[in-house]
Each structure stands twice: as C-alpha cells, then as structure tokens.
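# Understanding the architecture of this molecule
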Amino acid sequence: MQRPIDTARSLLDAGPDAPPPAIVQLGHPVLRTPALPYDGELTDHELLALLGIMRRTMQAAPGVGLAAPQIGLGWQLAVLEDAADVSEQVAAERERTPMPYFPIVNPSYSPMGETTTAFFEGCLSMAGYQGVVERPREIAATYFTIDGEQVSREFRGWPARIYQHETDHLAGTVYIDKAEIRSLTCADEYAARYAQQSVGEARAALGF
C-alpha cells in the first residue's frame with residue numbers, strides 16, 4: 001500500500017474541482033490496517049484541503065461520517081456531519097440529534113456507564129447493507145482539532161454511534177465485526193421493512 005503522505009499528495013494534486021475519490025470497499029487491505037497517527041505531515045492549508053475532499057466525498061455518497069482509510073488514506077483522520085433528517089419518531093427512539101460538521105484528528109473514545117443501545121448501521125465501505133450493532137449509549141471522546149488543540153467531549157445517542165463507527169475505522173475495524181450477523185439486511189429490505197421500526201421488531205422477524 002502507498003504511504004499516507006503519497007496518497008494525500010495524489011488526492012491534493014487532483015485539485016479542488018476533481019470529482020470525489022472512490023470510496024474503498026470491504027476487502028481492500030487499507031480497511032483492515034490500523035491507521036497511523038497524523039503527526040503534522042502536511043501544511044495547515046494542505047490539511048484543510050484534504051479534509052475538504054473528505055467532506056465532499058462524504059456528502060456526495062451521501063453519509064454522516066467518513067474516515068480517511070475509506071479513501072485509501074492510512075492516517076487517523078475523520079470527518080463527521082449529520083443533519084438528522086429523519087422522522088420525529090425515529091429521531092426520538094435513536095436519540096438522533098443534528099451533529100454540525102467537524103473533523104477529528106487522532107481520535108479515541110471510552111464507554112461511559114454500562115448502558116448500551118442496538119440499532120441498524122450502514123457503511124459507505126460496505127455499500128448496500130445494514131446490520132444491527134450494539135454500542136455504548138454514552139462515550140467520553142478525545143481528539144485533536146486541525147489547530148492541534150486536544151478536545152475532550154461527551155457524546156450520547158446517535159452522535160456517539162457515529163463517532164464510534166468512524167473511530168473504529170481507524171483501528172481497522174468495520175461495523176460488521178460488531179454486528180449481529182443474522183441482522184444483516186440489504187438496503188432495499190431495510191428501507192422497506194425496518195427503517196421505521198424498532199430493533200425489537202427486526203429481532204422477531206430475523207431471529208437474532
């Protein structure tokens with residue numbers, strides 16, 4: 001695999017008007033290789049431009065998060081953004097609140113308390129499928145900003161799920177590693193049967 005700096009240069013050299021890069025799909029080794037910490041290898045301007053490419057790629061997909069390995073880049077970088085454009089019922093059940101755009105550098109997290117929640121998740125690197133993943137409801141998150149400031153925040157509900165999902169990518173972990181395998185559902189079936197239902201109804205139908 002390419003060194004991260006070489007991949008970053010290739011992405012940046014394509015220019016701001018280039019189409020978004022292809023999203024790497026499951027089976028590519030970069031998704032199973034722990035990403036290297038980002039250690040200031042780019043100028044501030046270059047880093048902003050690179051994160052801009054990641055954000056445009058996420059939005060075009062569309063998705064609510066994108067980790068650098070998903071565009072073949074083995075650095076601990078990710079972008080997150082969720083408009084929470086779902087029904088009030090789904091938003092309430094999943095504690096899905098809007099998450100304004102922000103990038104994270106060298107992130108980590110730890111559970112807060114013992115409460116977990118289980119919901120369907122999808123992944124831009126496993127296109128066409130959804131699966132139920134049980135995750136901590138609340139987490140303590142730590143990351144660096146693009147200015148090098150260390151930030152500690154707490155997330156709960158769906159924002160916590162997004163943060164965990166993207167940070168897991170940087171450790172070489174994909175959501176299917178943590179999913180209930182019998183819950184794995186193609187996107188069309190998910191949209192038709194389970195998108196507006198509780199996980200309990202999916203458990204009864206699929207036997208997980």
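What you see is a predicted model; the values in this text were computed from it and never measured.

This part is about the pattern of salt bridges. Inspection of the entire model under this criterion finds 13 salt bridges. For Arg96, the salt bridge goes to Asp82, with nearest N and O atoms at 2.9 Å. Separated by 14 residues along the polypeptide, Arg96 in the loop between helix 3 (88-94) and strand 3 (99-111) and Asp82 in strand 2 (residues 77-82) bring together distant segments of the chain. For Arg96, a relative accessible area of 17% gives the class buried. For Asp82, a relative accessible area of 5% gives the class buried. When the shortest N-O distance is used, the salt bridge between Glu189 and Arg193 registers 2.3 Å.

This brings us to the sheet that holds strand 1 (residues 65-67). Read across the open sheet, the 5 strands follow the order 1-2-3-6-7; overall the sheet is antiparallel. In the strand order of this sheet, the two ends are held by strand 1 and strand 7 (150-156), each with one partner. Going from strand to strand, the sheet's axes swing by 40 degrees on average, the running direction of each strand aside. Sheet topology places strand 6 (residues 138-144) next to strand 7; 7 bridges connect them, and they run antiparallel. Bridge pairing links Ala140 to Glu154 in strand 7. Contacts from helix 2 (residues 44-60) reach strand 1, strand 2 and strand 3 within the one sheet, and its direction differs from that of strand 2 by about 45 degrees. Across the face of the sheet, helix 4 (residues 157-169) comes into contact with strand 1, strand 2, strand 3, strand 6 and strand 7 while running at roughly 70 degrees to strand 3.

A few words on the nonpolar core. Counting residues in hydrophobic clusters, the biggest one holds 27 residues, and the most contacted among them are Leu80, Phe102, Ile104, Phe155 and Tyr163. Sorting the residues of this core by element identifies strand 2, strand 3, strand 4 (116-122), strand 6, strand 7, helix 4, helix 5 (187-194) and helix 6 (199-206) as the ones contributing at least two each. When residues no more than four places from it in sequence are discounted, the contact partners of Phe155 are Met99, Phe102, Arg137, Glu138, Ile139, Ala141, Ala160 and Tyr163. Grouped together as the second largest cluster of nonpolar side chains are 22 residues, Tyr38, Leu51, Val105 and Leu124 included.

In this section: the packing of helix 1 (residues 4-13) against helix 2. Relative orientation of the contacting elements helix 1 and helix 2 amounts to 75 degrees, with a least axis distance of 10 Å. Compared by their axis directions, helix 1 and helix 2 come out roughly perpendicular. Of the residues in helix 2, those in contact with Ala8, Arg9, Leu11 and Leu12 of helix 1 are Glu46, Ala49, Leu50 and Ile53. For the contact of helix 1 with helix 2, the per-class residue count stands at 6 nonpolar, no polar and 2 charged.

Let us now look at the sheet that holds strand 4. Here 3 strands make up an open sheet; going across it, the order is 4-5-8 and the pairing antiparallel. Because the sheet does not close on itself, it has two edges, and the strands there are strand 4 and strand 8 (185-186). With 2 bridges joining them, strand 5 (residues 129-136) and strand 8 adopt antiparallel strand pairing. What sits directly across from Gln130, in strand 8, is Thr185. Contacts from helix 4 reach strand 4 and strand 5 within the one sheet, and its direction differs from that of strand 4 by about 60 degrees. Each of strand 4, strand 5 and strand 8 touches helix 6; the most contacted strand, strand 4, lies at about 70 degrees to it.

Moving on, we come to the packing of aromatic side chains. Scanning the entire structure with this criterion turns up 9 aromatic pairs. Here Phe120 and Tyr194 contribute two aromatic rings whose centre-to-centre distance is 5.7 Å and whose plane-to-plane angle is 20 degrees, an arrangement assigned as stacked. Here the residue Phe120 occupies a position in strand 4, and Tyr194 occupies one in helix 5, the gap between them amounting to 74 residues. Judged by relative accessible area, Tyr194 falls into the buried class, the value being 8%. Taken together, a centroid distance of 6.3 Å and an interplanar angle of 50 degrees make the contact between Tyr143 and Tyr163 tilted. Remark: Tyr163 occurs in helix 4 and Tyr143 occurs in strand 6; sequence separation between them is 20 residues.

The rules behind the values
- Residues numbered from 1 in each chain as written.
- Predicted model: local features only at pLDDT ≥ 70, side-chain atom pairs only at ≥ 80, totals over all residues.
- Heavy atoms only, no water.
- Salt bridge = Lys/Arg side-chain N within 4 Å of Asp/Glu carboxyl O.
- Helix = DSSP H or I, 4+ residues; strand = E, 2+ residues; numbered from the N terminus.
- Buried < 20%, exposed > 50% of the residue type's maximum accessible area, 1.4 Å probe, protein only.
- Pairing = 2+ DSSP bridges.
- Axes fitted to C-alpha atoms, helices over the stretch in contact; angles between N-to-C directions.
- Contact = heavy atoms within 4.5 Å.
- Core = buried A, V, L, I, M, F, W, Y, C linked by side-chain atoms within 4.5 Å.
- Parallel < 35°, antiparallel > 145°, perpendicular 65-115°, else oblique.
- Nonpolar A, V, L, I, M, F, W, Y, C, P; charged D, E, K, R; others polar.
- Phe/Tyr/Trp six-rings, centres within 6.5 Å; stacked < 30°, edge-to-face > 60°.

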